[in-house]
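Residue strings, one per chain:
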Amino acid sequence: LTSSGGSIDGTGGWAVALSGGAATVGDLAVVGSGSAGYDASAGTLVINGGSVTGTLGPAVNVSGSAAVEVNDLAISEPSTSGLALSGGTLAVTAGSVTGAGEVGVAANAGTLSLAGTEVSGSTGHGVTLEGSVLASIAGAELLDNGGFGLRCDGGASDPNSSTVTLSPCIAVVAGNASGDF
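On a predicted model such as this, the values are computed, not experimentally measured, just so you know.

Chemist: Hey, could you go over the overall build of the protein for me, with residue numbers and the actual values?
Modeler: When you go through the protein residue by residue, the secondary structure sums to zero helices and 16 strands. In terms of principal-axis extent, the alpha carbons of the protein reach across some 40 × 30 × 25 Å. Every one of the 181 residues in the protein was classed for burial, and the buried ones make up 45%. Within the protein, contacts between residues separated by at least 24 positions form 27% of all contacts whose residues are at least 6 apart in sequence. When the accessible surface of the protein is summed, it comes to about 7,100 Å², and 52% of that surface belongs to carbon and sulfur atoms.

In structure tokens form, the structure reads like this:
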């Protein structure tokens, strides 16, 4: 599936859901979905440009074995996380996450790459890495979030069984309420 342009407004659930196969979406505006803006549990999803505003769940939710590439997506005011990763692979280049109701970027399993992306104004942390995550952050801006700019945690239930690997970590971090790291 390949789609370009248009808008999806006020869905009761996911605006775009992928559970297998491949899809490329370009310059789509998602407004006010009742769950995640984009949800991928398997297959390959490429998001090129566009925006996600005011979702009741994460703007982009990645789980299972999904491989998701996000390029220059503007995310604003999701009620939970802007980007959520609980499995699979999420590669984000450019774009922004602003005003997330919880954490800007939350990863607790899988592989995360965050490059040239601004995460700002979240009520919680800018980026949280916990559980078993392999992550790289390069050229990101983690600014003015309600918690830490970047929080790496072994996991509250059993910190001895968690592994977070972060390499490299190159970011501009400032103005975060709890501190930068």
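The rest of the description comes next.
Chemist: Now, about the pattern of salt bridges: what can you tell me, with residues and values included?
Modeler: Within the structure shown, the criterion is met by one salt bridge. Linking Arg 151 and Glu 130 is a salt bridge whose minimum nitrogen-to-oxygen distance equals 3.7 Å. Of this pair, Arg 151 sits in strand S15 (residues 150-153) while Glu 130 sits in strand S14 (residues 127-143), placing them 21 residues apart in sequence.

Chemist: Explain the side chain of Ser 122 to me, using residue names and the numbers behind them.
Modeler: Mapped onto the elements of the fold, Ser 122 is located in the loop between strand S13 (118-120) and S14. For Ser 122, a relative accessible area of 2% puts it in the buried group.

Chemist: So what about the environment of Val 62? Which residues, and what values?
Modeler: Take Val 62: it is sitting in strand S7 (residues 60-62). Those residues in contact with Val 62 that sit more than four places away from it in its chain are Ala 40, Val 68, Ala 84, Leu 85, Ser 86, Gly 87, Thr 89 and Leu 90.

Here is what the cut-offs are and how they apply
Residues numbered from 1 in each chain as written. Predicted model: local features only at pLDDT ≥ 70, side-chain atom pairs only at ≥ 80, totals over all residues. Heavy atoms only, no water. Helix = DSSP H or I, 4+ residues; strand = E, 2+ residues; numbered from the N terminus. Buried < 20%, exposed > 50% of the residue type's maximum accessible area, 1.4 Å probe, protein only. Contact = heavy atoms within 4.5 Å. Areas by Shrake-Rupley, 256 points an atom, 1.4 Å probe, with all protein chains shown as cover. Salt bridge = Lys/Arg side-chain N within 4 Å of Asp/Glu carboxyl O.

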